[in-house]
There are 2 protein chains.
Amino acid sequence: MTVPRVIAVGSSPIGETALPGRDLFSVALTEAFESLPTPSSFIDALYVGNQSESYENQIMLGTILAEWAGLRELPAIRVEGCAAAGGLAFNQAVTDVATGTHDAVLACGVEKMTARGTTDTINALAAAFDRPLEQRSGVTAPSQYALLAQRYLHETSATEVDLARIAVKNHENACANPRAQFSGEISIDTVLDSDYIAPPLKLFDCAPVSDGAAVAVVVSPEVANEIVPDAPPVAVTGSAVVSNNIGVAERNLTRITGAETACSRGYDDAGITPSDIDVAEVHDAFTISEALLTEASGISPGGLGWEIGKSSDSRSAGWEVAAVNTSGGLKARGHPIGATGILQIIELYEQLTNTAGARQVPDASCGLAINEGGIADSITTTHVLEGAA
Amino acid sequence: MTVPRVIAVGSSPIGETALPGRDLFSVALTEAFESLPTPSSFIDALYVGNQSESYENQIMLGTILAEWAGLRELPAIRVEGCAAAGGLAFNQAVTDVATGTHDAVLACGVEKMTARGTTDTINALAAAFDRPLEQRSGVTAPSQYALLAQRYLHETSATEVDLARIAVKNHENACANPRAQFSGEISIDTVLDSDYIAPPLKLFDCAPVSDGAAVAVVVSPEVANEIVPDAPPVAVTGSAVVSNNIGVAERNLTRITGAETACSRGYDDAGITPSDIDVAEVHDAFTISEALLTEASGISPGGLGWEIGKSSDSRSAGWEVAAVNTSGGLKARGHPIGATGILQIIELYEQLTNTAGARQVPDASCGLAINEGGIADSITTTHVLEGAA
């Protein structure tokens, strides 16, 4: 099997923007391609992660983005698994290169969430839950995650303050990330004083609504050596997709077992253990998600994931573990749903090429991305990226 | 490369039904699995083609269908390319098996189109067209295809009567297909006397709105030999996906060049020429589509695709070519958008295993499926299946 490489990345502004989705994509693509010495014609295929057609009443994004990229007569396919859509697109690109199906694939993610009103946006997000069993009872994403948080605070010694610390850490990290939606620090009181959305989760426990697009160029080592022979190599050594069931009511609320399996498979692919990971982007749609996924990934011991909020460098939490969500995470870098999985890859790429500026983790050589769709691990994608450092 | 096999197929009733999408899938899956001597646990991955979340406000169909199939902790991914979604799901399944990524993959398609009112359904279908350039001018699928038909009737000697004959043929074929939405013959006058939807296309030139689901089980030869050692093998020898641009205004209206390329790639994979094809399912969302794709595929000479309507066995049209849309096609078998690409595979499977009953093409050993999304070939999938006959 070929070990795929990432040779270029790009993103649009993240947040509420005036641009439609396809133009957000153009901005992201331009950044990626302008970093390369070659025109786009070496691309063989395109995958795009996109959560919802409803924001812009637009399907067929595969064809649209391929055309906007100047690419014709190639496979151009939209994949969807709610907020894991970007991770799915990256997984498909990586798999195609790993198997020799294609030599160079664009992995894209796009979401234009602010095109409609709040109620429509909430309804579009609730489409991730089973309609007969869950939507009809009125569940939304915060209310589902609040169930996990309630149980977590009951089972562990964590408090609402500890969850707040995760938000504070991620906003602090985002201050050093030029791609981030938010650029200001917040305090614990900012979180604690914000309105409850679904107790114990408050407004500042929740990732924002964001527009945004992101692109990663995934190629074979041969193509990488041809196009960017002197670039520090970033290899994708692990890739896994694992579905769990749809309904949170039938799952262990505080053991995210689908994510555990996805991480385990990704680590096996790469031949690593959690202690090898220097930097991790984990899916913090809510503060509770970061605590739970830090545990599911083995980065923290069970029941102690909440301690990740104690420091922006979680190594000082006392475990020999990765820095988590150095980008600012979904919470502060922003969460344009279908683009999020690719934005995670971008952060790992920058950390592994030593281009992460003020948020650089020294000597980062191994990165993990966990991207999830639905409620917690309805579907999880896990990727391990390794650099030369 | 491994040559994938199809070992089982199944479909739900097609037409307006009381069942939600996930239950339509269960019906299709039950048929497929009850034809096998093994439980479903040998399945490694699942892809589902689904056009629109808007009919049931439901995304995350990968996870939902996997759970409904009793499958956990495997990749379960929705793919979308409007009406080519089913073909994309089949392509992904075939690619995964061909490359050894997985040994056994469920290729699924689901659409529940009748859940909402007519206006909402039309709007959901129009989402396949570019929003800024096309949707805002009020285009719908029939109005776009009418442009192609207008030009085709101008350039060739075909008339509205000739297009009507294609509808008559497909309804006649559907009478012999127990899976078909419509079971009665129609006359040329039925078509000609029906209301214009977008001239020259009349109601009976258009495929219907349909609920439906379909499943094909795609496995490696090793798995096939283990599970169904005595079954007649049906091999997938060609598979291609080709995107064209989004807007019909920038294309040749009567040469479906994306489909030409997709067919050419599929034929190259399989090492065949059009004259080897015994039976073809081509995407007749409108009668004009069948005429144009019969030409694009090389089944008919250029400008003569409309002659396909002269006989249910197009060989008697005077060319040495395949029987086209023996299932009844989208026109009469029905067109549950995301399921259509898999329903085409089901027809080929039945023809190649000599189980097509009264519509059996004698000695059929090579089948072609062309599935399209958007306007004509915005995206095309082509598959070549070969049997032992």
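One can find the structure itself at the top, above this paragraph.
Just so it is clear, the structure is predicted and the values come from calculations on it, not from any experiment.

(A) Spatial organisation of the overall build of chain A. Counting secondary structure elements, chain A contains 12 helices and 12 strands. Compactness check: chain A gives a C-alpha radius of gyration of 19 Å against a globular reference of 21 Å for 389 residues, within 12% of the reference. Buried residues in chain A amount to 67% of all 389 residues. Within chain A, residue pairs in contact and separated by at least 24 positions form 77% of the contacts whose partners lie at least 6 positions apart. Working note: accessible area of chain A is about 12100 Å², and carbon and sulfur atoms make up 49% of it. Averaging the locations of the 21 positively and 48 negatively charged side chains of chain A gives two centres separated by 5 Å.

(B) Representation of the packing of aromatic side chains. Residues and elements named next belong to chain B. Summed over all chains, the structure comprises 4 aromatic pairs over all chains. The interplanar angle of 85 degrees and the centroid separation of 6.5 Å between the aromatic rings of Phe33 and Phe42 together place this pair among those described as edge-to-face. Given the relative accessible area of 17%, Phe42 is considered buried.

(C) Expanded view of the interface of chain A and chain B. Every contact between the two is made by 57 residues of chain A and, on the other side, 57 residues of chain B. Of all residues in chain A, Asn57, Met60 and Glu73 of chain A bury the most surface against chain B, accounting for 15% of the area lost on that side. Between the two partners, chain A and chain B, sit 4 salt bridges. Between Glu80 of chain A and Arg78 of chain B there is a salt bridge; the shortest N-O distance is 2.9 Å.

(D) Representation of helix 2 (residues 61-68) of chain B within the structure. Burial of helix 2 of chain B is extensive: 7 of the 8 residues sit out of reach of the surface. For helix 2 of chain B, the elements touching its buried residues are strand 8 (235-243) and strand 12 (379-386) of chain A together with helix 1 (21-34), strand 2 (45-49), strand 3 (76-80) and strand 4 (104-112) of chain B. After helix 2 of chain B finishes, the residue Gly70 of chain B shows a positive phi value of roughly 75 degrees.

(E) Molecular detail of the relation of the copies chain A and chain B. It takes a turn of 180 degrees to lay chain A on chain B, together with a shift of 0.0 Å along the axis; the resulting RMSD is 0.0 Å. Look at the turn and shift together and you get a two-fold axis relating the two. Taking the C-alpha atom as reference, chain A places Val79 of chain A closest to the rotation axis, 2.3 Å from it. When the interface residues of chain A are mapped onto chain B, 100% of them again lie at the interface, so the same face is used by both copies.

(F) Fine view of the pattern of salt bridges. Residue and element names in this part refer to chain A. Enumeration over the complete set of coordinates arrives at 36 salt bridges over all chains. Residue Arg179 is joined to Glu31 by a salt bridge in which the shortest nitrogen-to-oxygen separation is 2.8 Å. Separated by 148 residues along the polypeptide, Arg179 in the loop between helix 6 (160-174) and helix 7 (188-192) and Glu31 in helix 1 (residues 21-34) bring together distant segments of the chain. Under the relative-accessibility criterion, Arg179 is labelled buried at 14%. Between Glu347 and Arg359 there is a salt bridge, and its shortest N-O distance comes to 2.9 Å.

(G) Representation of the pairing of strand 4 (residues 104-112) of chain A. Residue and element names in this part refer to chain A. Counting buried positions along strand 4 gives 9 out of 9 residues, so the element sits mostly inside the fold. Of the two faces of strand 4, the one carrying Ala104, Leu106, Cys108, Val110 and Lys112 and the one carrying Val105, Ala107, Gly109 and Glu111 are both buried. Bridge count for strand 2 (residues 45-49) against strand 4 is 5 bridges, and the pairing is parallel. Directly across from Tyr47, in strand 4, lies its bridge partner Ala107. The sheet contact formed by strand 4 and strand 7 (residues 211-219) spans 9 bridges and is antiparallel. Across the sheet, the residue bridging to Ala107 is Ala216, located in strand 7.

(H) Spatial organisation of the side chain of Ser378 of chain A. Its location among the elements puts Ser378 of chain A in the loop between strand 11 (366-373) and strand 12. Residue classification places Ser378 of chain A among the buried positions, given a relative accessible area of 0%. Within the structure, the side chain of Ser378 of chain A is placed 3.0 Å from the side chain of Arg251 of chain A, a separation counted as a polar contact. With near-sequence residues (within four places) excluded, Ser378 of chain A lies in contact with Val242, Ser243, Asn244, Asn245, Ile246, Arg251 and Gly373 of chain A together with Met60 and Thr63 of chain B.

(I) Fine view of helix 9 (residues 257-270) of chain B. Here helix 9 of chain B contains 14 residues, and its C-alpha end-to-end distance of 20 Å stays within 8% of the 20 Å for a straight helix at 1.5 Å per residue. Buried-residue contacts for helix 9 of chain B involve strand 8 (235-243), helix 10 (287-296), strand 11 (366-373) and strand 12 (379-386) of chain B.

(J) Broad picture of the pairing of strand 2 of chain B. Residues and elements named next belong to chain B. Across the 5 residues of strand 2, 5 count as buried, placing the element largely inside the fold. The two faces of strand 2 match: Ala45, Tyr47 and Gly49 on one face and Leu46 and Val48 on the other face are all buried. Bridging between strand 2 and strand 3 involves 4 bridges; their strand directions are parallel. Note on strand 3: the bridge partner recorded for Gly49 is Val79. Once you follow strand 2 into helix 2 and on to strand 3, the crossover reads as right-handed.

(K) Region of interest: unusual backbone geometry. Here Pro199 of chain A and Pro200 of chain A are connected by a cis peptide whose omega angle stands at 10 degrees. The phi angle at Asp363 of chain B is positive, at roughly 60 degrees, despite the residue not being glycine. As for its placement among the helices and strands, Asp363 of chain B is situated in the loop between helix 12 (337-352) and strand 11. Residue class for Asp363 of chain B comes out exposed when judged on its relative accessible area of 65%. Even without a glycine there, the phi angle at Ala376 of chain B is positive, about 50 degrees. Mapped onto the elements of the fold, Ala376 of chain B is located in the loop between strand 11 and strand 12. Residue classification places Ala376 of chain B among the buried positions, given a relative accessible area of 4%.

(L) Region of the structure containing the packing of helix 3 (residues 85-98) of chain A against helix 12 (residues 337-352) of chain A. All names here are of chain A. One can describe the packing of helix 3 onto helix 12 by two numbers: an axis separation of 5 Å at closest approach and a directional angle of 60 degrees. Accordingly, the angle class assigned to the pair helix 3 and helix 12 is oblique. Only Gly338, Gly341, Ile342 and Ile345 of helix 12 make contact with helix 3, whose side of the interface consists of Ala85, Gly86, Gly87 and Phe90. Residue classes in the contact of helix 3 with helix 12 are distributed as 4 nonpolar, 4 polar and no charged.

(M) Broad picture of the environment of Leu125 of chain A. Relative to the helices and strands, Leu125 of chain A is located in helix 4 (residues 118-126). Discounting chain neighbours no more than four positions away, the residues touching Leu125 of chain A are Gln51, Tyr55, Met113 and Ile337 of chain A.

(N) How the structure looks around the environment of Ile59 of chain A. Looking at the secondary structure, you find Ile59 of chain A in the loop between strand 2 and helix 2 (61-68). By relative accessible area, Ile59 of chain A is classed as buried at 0%. Ile59 of chain A sits 196 residues away from Arg255 of chain A along the chain, and the two C-alpha atoms are 35 Å apart. Apart from the residues within four sequence positions on either side, Ile59 of chain A is in contact with Glu53, Ile64 and Arg78 of chain A together with Gln51, Glu80, Cys82, Ala127 and Ala128 of chain B.

(O) Summary view of the environment of Ser26 of chain A. Tracing the backbone through its elements, the reader meets Ser26 of chain A in helix 1. Remark: the alpha-carbon pair of Ser26 of chain A and Ala214 of chain A, spanning 188 residues in sequence, is separated by 9.4 Å.

What counts as what
Residues numbered from 1 in each chain as written. Chains lettered and ligands numbered in written order. Predicted model: local features only at pLDDT ≥ 70, side-chain atom pairs only at ≥ 80, totals over all residues. Heavy atoms only, no water. Helix = DSSP H or I, 4+ residues; strand = E, 2+ residues; numbered from the N terminus. Rg over C-alpha atoms; globule rule 2.2 N^0.38 Å. Buried < 20%, exposed > 50% of the residue type's maximum accessible area, 1.4 Å probe, protein only. Contact = heavy atoms within 4.5 Å. Areas by Shrake-Rupley, 256 points an atom, 1.4 Å probe, with all protein chains shown as cover. Lys, Arg positive; Asp, Glu negative; His and termini not counted. Charge placed at Lys NZ, Arg CZ, Asp CG, Glu CD. Phe/Tyr/Trp six-rings, centres within 6.5 Å; stacked < 30°, edge-to-face > 60°. Buried area = accessible area lost by both parts, 1.4 Å probe. Salt bridge = Lys/Arg side-chain N within 4 Å of Asp/Glu carboxyl O. Least-squares fit on C-alpha atoms with pLDDT ≥ 70 in both. Pairing = 2+ DSSP bridges. Polar contact = N/O pair within 3.5 Å; in protein donor to acceptor, adjacent residues only side chain to side chain. Expected span 1.5 Å × (residues − 1). Right-handed = clockwise from strand over helix to strand, strands pointing away. Axes fitted to C-alpha atoms, helices over the stretch in contact; angles between N-to-C directions. Parallel < 35°, antiparallel > 145°, perpendicular 65-115°, else oblique. Nonpolar A, V, L, I, M, F, W, Y, C, P; charged D, E, K, R; others polar.

In short, shape yes, function no, at least from these values alone.
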